[in-house]
Amino acid sequence: MKKDGFTLIELIVTLAILGLILAVAAPNYLGVSAATENHACAHQRTLIKKALREQMAQQPTADPKILLEKILANEDGIYLNDQPSCPSGGTYHIIELANGEYGVACSLHGAPEGAIAFNGYHYDFSDGNVKDLSDIATIGYGSFDYNTETGKFVSNYGAAFIPYEKSDHYKLTTTADLSADSRGYGIFLETSLNDSNKDSGSIIQFDPGLGTMIAMRTRNDGKESWKSERINIGNYIEDAKTKENIESNWWKSEHTMSLEVETIDENTKGVKVYIDDIAIFNEDEYSYTINSNPEENTYTGFRTWSGDVEFSSLTYENLD
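Residues numbered from 1 in each chain as written. Predicted model: local features only at pLDDT ≥ 70, side-chain atom pairs only at ≥ 80, totals over all residues. Heavy atoms only, no water.

The next subject is the overall build of the chain. Along its length, the chain carries two helices and 17 strands. By residue count, 41% of the 320 residues in the chain fall in the buried class. Relative to all contacts within the chain whose residues are 6 or more apart in sequence, the contacts with residues 24 or more apart total 57%. (Helix = DSSP H or I, 4+ residues; strand = E, 2+ residues; numbered from the N terminus. Buried < 20%, exposed > 50% of the residue type's maximum accessible area, 1.4 Å probe, protein only. Contact = heavy atoms within 4.5 Å.)

In structure tokens, the structure reads:
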């Protein structure tokens, strides 16, 4: 007599076989998918390299780095049919090669052969892959608008938290341009977020309201300590202490800020501040000392409070 359906043992055996097949097939599928995306990204960068060579042939006296920046922006589709982008969501940035030429690296798929080593990642906000800051950041409050003419993110009142790797020694660099009515901006350090995206950590502020001072403050659950440690940059940068800049007019132009952070002990890190590559040191070598954040996920990012600030880029470099 023919039985209907399957016994419990038969079902268990069948499910076990299916599970075994999936266990073998899934890694292979994922590996093939990753390899395909890697190949597609490499092809994109080959097209960019070819476009650069064609432009250099037509403009032999042009600056190759500037040409490469234009190719990556690809405004109006002048250089390529489509906007060059990584299929996996990586960001492209320009790097220097050992032979003195320039190339394009991907934050996910690495750099071409002959690249000068760079251990970190670079967000160029003129790159179409990161025009929407929410792709890489947690917006704590306010908004960050994209200026299509300048290729920069603009914030008037807001906070954006960008994840970065924990390290014993690293450097964060950004380039910012303040409008005439801007009251400044801050860069978060050793920051963690609670469930409501309220931040705790440290912030270093470049604030025209303080004249030619920069200030470091601690933050806890989105609130800032009224106490600050201040350094007068006029003691280190000649242009910043001239009479016409005494009311902080020096800030009202584009400047590059770098924060080099280094572990002192398990609870403390030292911070060296550079403005336009000029070291802003105190007597103890470090510009500031801050508390290390024990949380697993740490963030950097920007905070603004009045008047437009335009951010061109953010670079994280692991110096370990």
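Another aspect to go through is unusual backbone geometry. Phi at Asn 74 takes a positive value of approximately 50°, unusual for a residue other than glycine. Along the polypeptide, Asn 74 turns up in the loop between helix H2 (64-73) and strand E1 (92-96). Even without a glycine there, the phi angle at Asp 276 is positive, about 50°. Here Asp 276 shows up in the loop between strand E13 (268-275) and strand E14 (278-280).

As a further point, take the pattern of salt bridges. Scanning the model with the defined rule gives seven salt bridges in all. Between Arg 219 and Glu 224 there is a salt bridge, with the nearest N and O atoms lying 2.7 Å from each other. When its relative accessible area of 27% is taken as the criterion, Glu 224 is described as partly exposed. A single salt-bridge network, built from bridges that share partners, covers Asp 199, Arg 219, Glu 224 and Arg 303. (Salt bridge = Lys/Arg side-chain N within 4 Å of Asp/Glu carboxyl O.)

Bringing the packing of aromatic side chains into the picture now. For the structure on display, the rule yields 15 aromatic pairs. With a centroid separation of 4.7 Å and an interplanar angle of 40°, the aromatic rings of Phe 161 and Phe 188 are classed as tilted. Taken together, the residues Phe 161 in strand E5 (residues 152-164) and Phe 188 in strand E7 (residues 185-193) connect sequence positions 27 residues apart. Taken individually, Phe 161 and Phe 188 each receive the classification buried, so the pair is uniform in this respect. Taking 5.2 Å as the distance between ring centres and 35° as the angle between the ring planes, the aromatic pair formed by Tyr 185 and Phe 206 counts as tilted. Taken as a pair, Tyr 185 in strand E7 and Phe 206 in strand E8 (residues 199-206) lie far apart in primary sequence, 21 residues in all. Of the residues examined, Tyr 185 reaches a relative accessible area of 0% and is grouped as buried. Accessibility expressed as a relative area gives 0% for Phe 206, which makes it buried. Three or more aromatic residues joined by ring pairs make a cluster, and in this case those are Phe 125, Tyr 146, Phe 153, Tyr 185, Phe 206, Trp 251, Phe 302 and Phe 311. (Phe/Tyr/Trp six-rings, centres within 6.5 Å; stacked < 30°, edge-to-face > 60°.)

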